[in-house]
Each structure stands twice: as C-alpha cells, then as structure tokens.
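Residue-level structural notes
Now for the letters of each chain:
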Amino acid sequence: MARVLTGRDGQSFTFDPGAFCLELLLTGGPGVYAYWEILHTPDDLAGWLKESRLAAIAPLDDLRVRPAELSAVKAFRDTMLSVALALAHDQDLPADALETINDAAGPVPRPRIDPVTGRRAWAGPVTGTQILGAAAHEAIDLLTGPHRDRVRECAASNCLLLFVDTSRPGKRRWCSMERCGNRNKVNAYRTRQT
C-alpha cells in the first residue's frame, strides 16, 4: 500500500515500501532517522496504523496500544532498520537482530467476517503485541522468501528510504519515480545539455 510522504523540501510523493515490516521504518528510528520520529505516544502508533497496510486489509477500529507495546514496536522497528540496511547493501545479517525478530513473532491480529457487512474485519481488540507479531511474521517471510535479495535503499544520494523491489525485472532503483527517479532524470538531462 502506497503512502503519501512529504520530504524535507515540502514536496509530496507516493511511496510503497512493499511490506508492513518496512512500512514501520517510515515512523522514524535511530540516528539520522530520528528526524522523522512520529511515535511518541501509543495514540500516535494507533493513528499511524489506521493508514497502514494492515488497515488496507481490514479496518483497525478496535485498536489498543499500551506504552510498553509502543516501546516494543519501536525497538523492533530499529532492529528491522539494521536488517533491511544489511540486506540492501548485501551484508551479513546481525544474529542478534534476527533473534529479536524471532522473539517478536508472537500473536497476530485474527481476521474475521463482519456479520453485518459480510466484509473482512479484525477480531478486536487488536493490541500492540499483535501488531508487533504481524510485523515480525512478515519480516520472517521477507527474510526467508523470494524477495530477500530485493530489499533496496533508494539510489538517490540524499534519500534513506528502503523498499522491496517487486518489479518484474527487479531493477527498481528509486523510492518513487515521481520524486527521486524524476530528479535523477532531470539531472542526467541537464548534464547531457552542458
């Protein structure tokens, strides 16, 4: 599911990280990623989740996140960042990070059919622990599946976004063609003209 992001320059663009465990990286993180930190309270996480890939599957109407669960989700996110960066740069995965992911793979939100609408719903309440479990299960699928070698960092020198390249040829380089891809094309054109 694509999200509309706004860069430091104020330009909005559409970005699809390709996986919920990578979508969590859009909420901030350690070091240079702290600039984008948005998860300060459990309500921040709950609000962010209502626009996430999980909400695209079924609405997250009854969501309850405790402070300890928020801390656990942020710690998982920071671990996932180190793993995704290692994958993107073809480095060995940190063993302690893999253990953190394995340990987080607990309960997940339980789907159900809403008897009134007949549509898919989540059995409530959905907890922060279940959100963490969903992210960990997806991370395990990503790290052991066919897209493991397709985790990429945007090729732009000033972009830190990570994504799963799900394109057929597996040659995606940019977080978004409307942002970094277009900037690269414009710069290449200007270089050719001079």
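Placed above this text is the structure.
Residues numbered from 1 in each chain as written. Predicted model: local features only at pLDDT ≥ 70, side-chain atom pairs only at ≥ 80, totals over all residues. Heavy atoms only, no water.

Looking only at helices and strands, one finds seven helices and eight strands in the protein chain. Taking 194 residues into account, the globule formula puts the C-alpha radius of gyration at 16 Å, and the protein chain, at 18 Å, falls close to it. Structurally, the protein chain occupies a C-alpha span of about 65 × 40 × 35 Å along its principal axes. Counting only residues that meet the buried cut, the protein chain has 42% of its 194 residues in that class. (Helix = DSSP H or I, 4+ residues; strand = E, 2+ residues; numbered from the N terminus. Rg over C-alpha atoms; globule rule 2.2 N^0.38 Å. Buried < 20%, exposed > 50% of the residue type's maximum accessible area, 1.4 Å probe, protein only.)

For the rest of this paragraph, the subject is the side chain of Arg53. Tracing the sequence through the fold places Arg53 in helix α3 (residues 53-57). Accessibility expressed as a relative area gives 18% for Arg53, which makes it buried. Within the structure, the side chain of Arg53 is placed 2.8 Å from the side chain of Asp16, a separation counted as a polar contact. Excluding anything up to four places from it in sequence, Arg53 contacts Met1, Asp16, Pro17, Gly18, Ala19, Phe20 and Glu23. (Polar contact = N/O pair within 3.5 Å; in protein donor to acceptor, adjacent residues only side chain to side chain. Contact = heavy atoms within 4.5 Å.)

Here the focus is the pairing of strand β2 (residues 12-15). Judged by which residues are buried, β2 turns out to be one-sided: Phe13 and Phe15 face inward and are buried, whereas Ser12 and Thr14, on the alternate face, are not. Judged from the four bridges that link them, strand β1 (residues 3-6) and β2 form a sheet pairing that is antiparallel. By the bridge assignment for β2, Val4 is matched with Thr14. The turn joining β1 and β2, which pair antiparallel and follow one another in sequence, is formed by five residues; a positive phi near 90 degrees is taken by Gly10. (Pairing = 2+ DSSP bridges.)

What follows covers the pattern of salt bridges. In this structure the tally under the stated criterion is seven salt bridges. Among the ionic pairs, Glu37 bridges to Arg77, the shortest N-O distance being 2.9 Å. In this pair, Glu37 sits in the loop between α1 (20-23) and α2 (42-49) while Arg77 sits in helix α4 (residues 67-88), placing the two residues 40 residues apart along the sequence. Classification of Arg77 as buried rests on a relative accessible area of 2%. (Salt bridge = Lys/Arg side-chain N within 4 Å of Asp/Glu carboxyl O.)

Once that is clear, we can look at the packing of α4 against helix α5 (residues 95-104). For the pair α4 and α5, the least separation of the axes is 9 Å and the interaxial angle reads 135 degrees. Classified by the angle their axes make, α4 and α5 are oblique. Both α4 and α5 take part in a crossing whose hand is left-handed. Across from Phe76, Thr79, Met80, Ser82 and Val83 in α4, the residues of α5 making contact are Ala97, Thr100, Ile101 and Ala104. Taken together, the residues of the contact of α4 with α5 sort by class into six nonpolar, three polar and no charged. (Axes fitted to C-alpha atoms, helices over the stretch in contact; angles between N-to-C directions. Parallel < 35°, antiparallel > 145°, perpendicular 65-115°, else oblique. Left-handed = near helix turned anticlockwise from the far one by under 90°. Nonpolar A, V, L, I, M, F, W, Y, C, P; charged D, E, K, R; others polar.)

Tallied over the full model, the rule gives two aromatic pairs. Judged by centre distance (6.4 Å) and plane angle (35 degrees), the rings of Phe20 and Trp48 are tilted. Taken together, the positions of Phe20 in helix α1 and Trp48 in helix α2 put the pair 28 residues apart, joining distant regions of the chain. For Trp48, a relative accessible area of 7% corresponds to the buried category. Considering the side-chain rings of Tyr35 and Trp36, the 5.0 Å spacing of their centres and the 80 degrees angle between planes classify their relative orientation as edge-to-face. A relative accessible area of 53% places Tyr35 in the exposed class. Classification of Trp36 as partly exposed rests on a relative accessible area of 33%. Taking the ring centre of Phe163 as reference, the NZ or CZ of Arg172 above it sits at 3.8 Å. (Phe/Tyr/Trp six-rings, centres within 6.5 Å; stacked < 30°, edge-to-face > 60°. Lys NZ or Arg CZ within 6 Å of the ring centre and 35° of its normal.)

Our next topic: α5. The set of residues buried in α5 consists of Ala97, Ile101 and Ala104. When α5 is viewed along its axis, its buried side chains cluster within an angular range of 65 degrees and face the same direction. Exposed residues pointing more than 90 degrees away from the buried face of α5 are listed as Ala95, Asp96 and Asp103. For α5, the secondary structure elements touched by its buried residues are α4 and α6 (128-144). (Arc of directions from axis to C-beta.)

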